[in-house]
Amino acid sequence: MSSEIRFTDFKSDKQPTWCPGCGDFGTMNGMMKALAETGNDPDNTFICAGIGCSGKIGTYMHSYALHGVHGRALPVGTGVKLANPDLEVMVAGGDGDGYSIGAGHFIHAVRRNVDMTYVVMDNRIYGLTKGQASPTSREDFETSTTPEGPKQPPVNPLALSLAAGGTFIAQSFSSDSQRHTEIVQKAIEHDGFGFVNVYSPCVTFNDVDTYDYFRDSIVDLADEDHDPTDREAAKKKILEGDKEYQGVIYQDENSVPYSDLHGLDANMSEIPDGAPEDAMDLVREFY
Amino acid sequence: MAEDLNWAIGGEAGDGIDSTGKIFAQALSRAGRHVFTSKDFASRIRGGYTAYKIRSSTDRVQSVVDRLDILVALTQRTIDENVEELHDDSVVIYDGERSWDAEIPEGVTGVDVPLKSLAEDAGGAIMRNVVALGAACQIADFPIENLDESLEKRFASKGEKLVENNKQAARLGQEYVEENYDDLPEYSIDTTDEDLVLLNGDEAIGMGAIAAGCRFYSGYPITPATDVMEYLTGRIDQYGGTVVQAEDELSAINMALGAARAGARAMTATSGPGIDLMTETFGLVATSETPLVICDVMRSGPSTGMPTKQEQGDLNMTLYGGHGEVPRFVVAPTTVAECFQKTVEAFNLAEKYQLPVYLVSDLALAVTEQTFKPEEFDMDAIEIDRGKVVDEDDIDQYLDEQDRFQPHYDAPDGVSPRAFPGTDGGAHMSTGLEHNELGRRTEDTDERVKQVDKRNRKVETAEQEEDWDYREFGDEDADTLVISWGSNEGAMVEALDFLEDDGIDVRFISVPYIFPRPDLTEEVEAAEEVIVVECNEQGQFADLLEHDTLTRLKRVNKYNGVRFKADELADDIKAELEAEVTP
Ligand SMILES: Cc1ncc(C[n+]2csc(CCOP(=O)(O)OP(=O)(O)O)c2C)c(N)n1
Ligand code: SF4
């Protein structure tokens, strides 16, 4: 079926209500292209999302999808994937959704290494609640709730992921459509938890981390002599923290996904009409 | 002497009290004796008083009583804690070689057995509790071969040698008593050839889940629900399922939700504090119409409360918890065997009506091991009803004019067909936002009302289609009606005998369904006195029944952290009835 699939098959007939120019358009298009490129179709794809402008993505795509509560999309994706390994699972969210309310789940999803893809639309602001500081906002970024800036350093999601044992860590920029698509595609193809932090500018509330800013400052790892399988090199790049990188920063080629380690390959939706045949053995254990 | 044998072992946490008690309980059950166990433990791993109590009889036993015949006391505190329960024929087994000077209460027989030395003779001091079990067998005139079987079961995986050493330790304990004490109270307990299994409520829930086809369990450890998770670990895998230890309860319920949406029968279990954390997602489960079983093994609250103590205080939370108005079912098993049966039922209800089902158990059920006939866990009787599931072949019937699948189709009975992900043509979205039939967000006033009504219609359908029954005991025509829910049933059934001895006839109704629940108006009206028994302070179930029946009801409540005992409950009921007589 995959050969007939085009990325537009992943589009729903619902028009996005994102502000014109929002970075999320590009992020979503790249996701749809990457899904089509990797041979998926809407009927074998499951998209989970949290809450935020970013979280609305499931509505605008056509696939099986759940739009859940704020910050909890990763555990949902984990449950979906473990219950049916045949599904392609993508989780999407914002920087607030993923690194604030959902930060605990993020760390644990990374170390659990379930074979799914996590795309964070990082606009360094809370969009849907109209412009408060997010965990990735700059220290001096003035917002309605931080008139003098948050006065605390932004979280570094790539560093969090690396520290938690991430097996695929990447970053992209939503308006660099081709690179963004390529990177998400690599994340999908990765055997394990593919994490992509996407610079996805908010044109309404963030006048600092703008398209122009990213266009001027982004450094493509493809142009540098970077070996993504070299963890030390990745660590250095991530911790230096002075550049906005795009590309795959780290990939563990020996990554073994959770399901393989736990011997999970069954589609758990298939169960017998009654108790399992040897169920009386369960009772006999109590003699 | 009495056919009943009430035995206990007590000491400090970390003394192996639990495993020793379990070995003896299994020995009794294998000898065809009915067993009912209870545990008294503190919320700490080492230190702190711990006891394991067994009541055993050739008849069915369903409650603890205030009476101890044989007490194995590893510490003085064990004796002090139980002094009220000792009587003239009680025997206390203790180790005089230990540093404390045992003070045996007047009239009670002390049997001093050098537990540690004898255990060392058998191969290691660690077996001193087993020496005490051998001594208990001698005192109770209980065939020690039954204990051998139980020791084999317990230690087989650790090697032949260890099994033999333990058997030897028990023999040394037995012989020591035989040789040194000849004037003991005479116990002689019968054995039978009845076939019995011994298990607790958490294990029964775990077993029910596997039998019902549950394949995905995610949870976060919490007393007293952890045993469900520990039971499933390793066992569910054999059926292609898995247990995931999540990072917290928020994650646990969301994982289970994800698995359920992928088509698995999924469950999570926790206790009150965990239910608090799950409540936000609970609303999502209901709104997205996802079938999910959420088990709340209640303990004493509020907040961290008394983690190792009994209470039935979460009823209101399971019934009303969550913002907005959310349809859910609340099912509360009343016995260990029912923990099994109602778990199976909970899965069927969840999938038939596509909503969250709270399976409410409590600490008393969770930690009580009780004997049952294996037939009560009838695997052949299990029927799995997955409700309305659509596949490739019939999906066409459920598409709208633009070929889109409608997961929230406004069906007359409120239940729309569902398509498991992977079904061709079924791709759809679901959300916690209010949505239309397609699953898309809407704030349209008509659509909103339509979906709220649809979700509630499922409850109306279920109210008509299912049996929301109760169980009945005692004298059907009695003037006094007692109603209870949850784990109080066993104690109340035995309390009926005590009340009868005092000339008080009682009709007793035990209700396993909180919502929907049976309408008890007629039963309440037919009685002169109605008393609602529950382990909480406010009488949450009594409030519900008052609301249903528009009648003031009397209440017997216990909230000190300890479950009802049969004799005590009978006294409480008598007192409540007498309170009426004096104006
Ligand atoms: C439990 C809870 N708390 C708060 C909110 C309100 N809320 C909605 S979106 C949001 C922040 C979203 O920010 P981000 O994840 O960065 O996404 P963006 O809108 O910028 O794409 C918040 C706080 C909520 N829906 N639920
Ligand atoms: S508020 Fe910002 S993030 Fe939200 S849609 Fe508008 S531009 Fe995008």
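As the structure is a computational prediction, the values presented were derived from the model and not from experiment.

Trainee: What exactly am I supposed to notice about the site of ligand 2 here?
Mentor: Close to ligand 2 lie A:Trp18, A:Cys19, A:Cys22, A:Cys53, A:Asn123, A:Cys202, A:Val203, A:Thr204 and A:Phe205. Of the residues belonging to the shell around ligand 2, the class tally is seven nonpolar, two polar and no charged.

Trainee: Help me understand the site of ligand 1 in this model?
Mentor: The immediate surroundings of ligand 1 are formed by 17 residues, with A:Cys53, A:Asp97, A:Asn123, A:Gly127 and A:Leu128 found nearest. Bordering ligand 1 are residues originating from chains A and B. At 3.0 Å, a backbone N or O of A:Ser54 approaches an oxygen atom of ligand 1. The contact in question runs from an oxygen atom of ligand 1 to an N or O atom on the backbone of A:Asp97, over 2.7 Å. About the coverage of ligand 1: the protein hides 76% of its 590 Å² of free accessible area.

Trainee: Can you walk me through the state of the cysteines in this structure?
Mentor: Scanning the model with the defined rule gives zero disulfides over all chains in all. Looking at the unpaired B:Cys295, the closest cysteine sulfur is the one in B:Cys339, lying at 7.9 Å.

Trainee: Honestly, the pairing of strand S3 (residues 49-57) of chain B in this entry has me stumped. Any pointers?
Mentor: Put simply, side chains in a regular strand alternate between the two faces of the sheet. All names here are of chain B. Across the nine residues that make up S3, a large majority, nine, are buried. Residues Tyr49, Ala51, Lys53, Arg55 and Ser57 of S3 are buried on one face, and the alternating residues Thr50, Tyr52, Ile54 and Ser56, pointing to the opposite face, are buried as well. Strand direction decides the pairing type here: strand S1 (residues 5-12) and S3, joined by eight bridges, are antiparallel. Opposite Gly11, over in S3, you have Thr50 as the bridge partner.

Trainee: Which parts of the structure should I look at to understand a negative patch on the surface?
Mentor: All names here are of chain B. Negative charge collects at one region of the surface, where Asp479, Asp497, Glu500, Asp501, Asp505 and Glu528 lie side by side. Here Asp479 is to be found in the loop between strand S18 (471-474) and strand S19 (480-485). What makes Asp479 partly exposed here is its relative accessible area of 43%.

What counts, and where the lines are drawn
- Residues numbered from 1 in each chain as written.
- Chains lettered and ligands numbered in written order.
- Predicted model: local features only at pLDDT ≥ 70, side-chain atom pairs only at ≥ 80, totals over all residues.
- Heavy atoms only, no water.
- Near = heavy atom within 4 Å.
- Nonpolar A, V, L, I, M, F, W, Y, C, P; charged D, E, K, R; others polar.
- Polar contact = N/O pair within 3.5 Å; in protein donor to acceptor, adjacent residues only side chain to side chain.
- Areas by Shrake-Rupley, 256 points an atom, 1.4 Å probe, with all protein chains shown as cover.
- Disulfide = S-S within 2.5 Å.
- Buried < 20%, exposed > 50% of the residue type's maximum accessible area, 1.4 Å probe, protein only.
- Helix = DSSP H or I, 4+ residues; strand = E, 2+ residues; numbered from the N terminus.
- Pairing = 2+ DSSP bridges.
- Patch = residues over 30% accessible without salt bridge, like charges linked within 9 Å, V, L, I, M, F, W, Y side chains within 5 Å.
- Salt bridge = Lys/Arg side-chain N within 4 Å of Asp/Glu carboxyl O.
- Lys, Arg positive; Asp, Glu negative; His and termini not counted.
- Charge placed at Lys NZ, Arg CZ, Asp CG, Glu CD.

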